Amino acid sequence: MDTKLLIATENHSLREESIRAAAKLLHAGEVVALPTETVYGLGADATNRLAVEKIFIAKGRPSDNPLIVHVANKEQLFELVEEAPAYVEKMIDCFSPGPITYVLKSSGKLASNVTAGLTTVGVRIPDNDVALDLISNSGLPIAAPSANISGKPSPTAAEHVLDDLNGKIAGILDGGPANVGVESTVVDCTNEIPVILRLGKITPDQIHNVAGFVECADGSKGEVGKPRSPGLKYKHYAPEVPLVLVKNRNELQRAIEQERKLGNRVGVLASAATAKNVMADEIVVLGESETEMAMKLYQALRSFKQTDVDLVMCESLPQEGVGKAVMDRIERAADKILE
Ligand code: TXA
Ligand code: MG
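Residues numbered from 1 in each chain as written. Chains lettered and ligands numbered in written order. Predicted model: local features only at pLDDT ≥ 70, side-chain atom pairs only at ≥ 80, totals over all residues. Heavy atoms only, no water.

## Remarks on the overall build of the chain
- For the chain, the count of helices and strands is 11 helices and 17 strands.
- By the compact-globule yardstick of 20 Å for 339 residues, the chain fits well, its C-alpha radius of gyration being 20 Å.
- With the principal axes as the frame, the chain shows a C-alpha extent of 60 × 50 × 35 Å.
- Going through the 339 residues of the chain one by one, you find that 56% of them count as buried.
- Counted over contacts in the chain with a minimum sequence separation of 6, partners at least 24 positions apart contribute 68%.
- Element-wise, carbon and sulfur atoms account for 48% of the exposed surface of the chain, whose accessible area totals about 14,400 Å². (Helix = DSSP H or I, 4+ residues; strand = E, 2+ residues; numbered from the N terminus. Rg over C-alpha atoms; globule rule 2.2 N^0.38 Å. Buried < 20%, exposed > 50% of the residue type's maximum accessible area, 1.4 Å probe, protein only. Contact = heavy atoms within 4.5 Å. Areas by Shrake-Rupley, 256 points an atom, 1.4 Å probe, with all protein chains shown as cover.)

Written out as structure tokens, the structure reads:
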């Protein structure tokens, strides 16, 4: 299959034409990658079972892992769900459009494979103009998991989608790089108290402030426990090169030396501050702030594929704001954790 690259970056004259072409492909039951503020999504018409099936095939995604549905506004969101507790509307007014997904009781209007047969559905309003225009222009709710091959780091740029899925999907709508960089916070809103299933940029504290209460599910922080979100049981975000998390920063250089003595070439993923004081074969700097580190994480994990390192070592990064979500993803991607 020929994968069409549809340019829709800001101020580009092709923007409207590209969005129309992507909407047309969605109506034809095809799969199109689209930009969001978190990561690129692999989109299909959420009401079309055959189209949704193509997402699972292209990604190699297990069929028991439900997809997030993207809508343009609160009204469209409420059409897809029922019985939302009062705190949900408060959260939507505060956080959406934005990097948060609400798991709610489904009203049954979507293809059943979107929700992997569950009675609940994850819905979100992405904070990205190209995505919102595509949803409005097509008039469709768009089912979209992250647009990577299952298990690999999520794509934060159109090039990453192309690397993983060229020839396997009908199109990629290029809206430029994603500016959050880690996937949305997933919140189970089916009970009296919102339960965080996956950490993201919207933090537990922020949700607590708006909803009045919040809990974190076992597994939402990478702890062993019964996963509440089906996707949490699978290995995620793994770079092509093995990743070792060195929790104690003071041990990082020693751990690097040990591997080099064994004849291994070592890559390092670190904050700007640590990078200045470390010696290794390849050093990728994630940045200064948590926000910057989130934005660069997946690109950095992907970048080691182009080098000749045998393994990558990463330190424990600062955990304010989105920093906790960044560490959650690193822990899930890691092959080994040195305490
Ligand atoms: O930021 C994001 O959320 C990105 C962009 C593209 O929107 N999407 C994304 O989708 O990360 P995906 O499929 O890679 O992750 C969706 C997560 C999975 O862990 C899945 O199990 C969970 O959300 N999920 C979806 N629907 C659910 C449901 N009804 N109940 C519990 N968990 C659900
Ligand atoms: Mg994913």
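## Some words on the site of ligand 1
- Every one of the 27 residues lining ligand 1 counts as a neighbour, but Thr38, Arg61, Asn65, His70 and Ser184 are closest to it.
- The separation between an oxygen atom of ligand 1 and a polar side-chain atom of His70 is 2.6 Å.
- Note that a nitrogen atom of ligand 1 is positioned 3.1 Å from one of the side-chain N or O atoms of Thr120.
- For ligand 1, whose free accessible area comes to 680 Å², the fraction covered by protein is 96%.
- Those elements giving two or more residues to the shell around ligand 1 turn out to be β4 (68–70), β7 (120–124) and β11 (195–198).
- With 4 residues, β7 is the single largest residue contributor to the shell around ligand 1.
- The residue inventory of the shell around ligand 1, partitioned by class, reads 13 nonpolar, 10 polar and 4 charged. (Near = heavy atom within 4 Å. Polar contact = N/O pair within 3.5 Å; in protein donor to acceptor, adjacent residues only side chain to side chain. Nonpolar A, V, L, I, M, F, W, Y, C, P; charged D, E, K, R; others polar.)

## A look at the sheet that holds strand β17 (residues 336–338)
- A sheet is described by the order of its strands in space; here 5 strands give the open sequence β15-β14-β16-β13-β17, paired in parallel fashion. Each edge of the open sheet is held by one strand with a lone partner, namely β15 (282–287) and β17. Strand-to-strand twist in this sheet, taken as the mean axis angle between neighbours without regard to direction, amounts to 20°.
- With 5 bridges joining them, strand β14 (residues 266–271) and β15 adopt parallel strand pairing. (Pairing = 2+ DSSP bridges. Axes fitted to C-alpha atoms, helices over the stretch in contact; angles between N-to-C directions.)

## So, the pattern of salt bridges
- Going through the model one piece at a time under the given rule, you end up with 18 salt bridges.
- When salt bridges that share partners are traced, they join Glu257, Arg260, Arg265, Asp281 and Asp308 into one network. (Salt bridge = Lys/Arg side-chain N within 4 Å of Asp/Glu carboxyl O.)

## Digging into the nonpolar core
- Grouped together as the largest cluster of nonpolar side chains are 94 residues, with contacts concentrated most on Met91 and Leu269.
- In terms of residue count, helix α10 (residues 290–303) provides more of this core than any other element does, 6 residues in total.
- In this structure, this core is formed jointly by two domains, domain 1 (4–216) and domain 2 (243–338), each of which donates at least three residues.
- Here Leu269 is in contact with Val284, Leu286, Leu297, Ala300, Leu301, Phe304, Val312, Met313, Cys314 and Glu315, once residues within four sequence places are set aside. (Core = buried A, V, L, I, M, F, W, Y, C linked by side-chain atoms within 4.5 Å. Domains from an automatic or database assignment.)

## Overview of the pairing of strand β10 (residues 185–188)
- By the alternation rule, side chains of β10 split into Thr185 and Val187 and Val186 and Asp188, which are all buried.
- Strand direction decides the pairing type here: strand β6 (residues 100–106) and β10, joined by 4 bridges, are parallel. The partner of Tyr102 across the bridge, within β10, is Val187.
- The pairing of β10 with β11 spans 3 bridges and is classified as antiparallel. Bridge assignment links Asp188 to a residue of β11, and that residue is Val195.
- Taken together, β10 and the strand that follows it, β11, pair antiparallel across an intervening segment of 6 residues.

## Notes on helix α11 (residues 323–333)
- Burial analysis of α11 places 9 of its 11 residues in the buried class, the great majority of the element.
- Within the span of α11, buried status applies to Gly323, Ala325, Val326, Met327, Asp328, Arg329, Ile330, Arg332 and Ala333.
- Residues of α11 that are buried sit in contact with β11, β13 (243–246), α10 and β16 (311–315).

## Some remarks on the packing of aromatic side chains
- If you walk through the whole model with that rule in mind, you get 1 aromatic pair.
- Ring centres of Tyr87 and Phe213 lie 6.2 Å apart, and the angle between their planes is 85°; this geometry places the pair in the edge-to-face category. Residue Tyr87 is found in helix α4 (residues 86–95), and its partner Phe213 is found in the loop between α7 (204–211) and β12 (215–216); the two are separated by 126 residues along the sequence.
- The class for Phe213 is partly exposed, based on a relative accessible area of 35%. (Phe/Tyr/Trp six-rings, centres within 6.5 Å; stacked < 30°, edge-to-face > 60°.)

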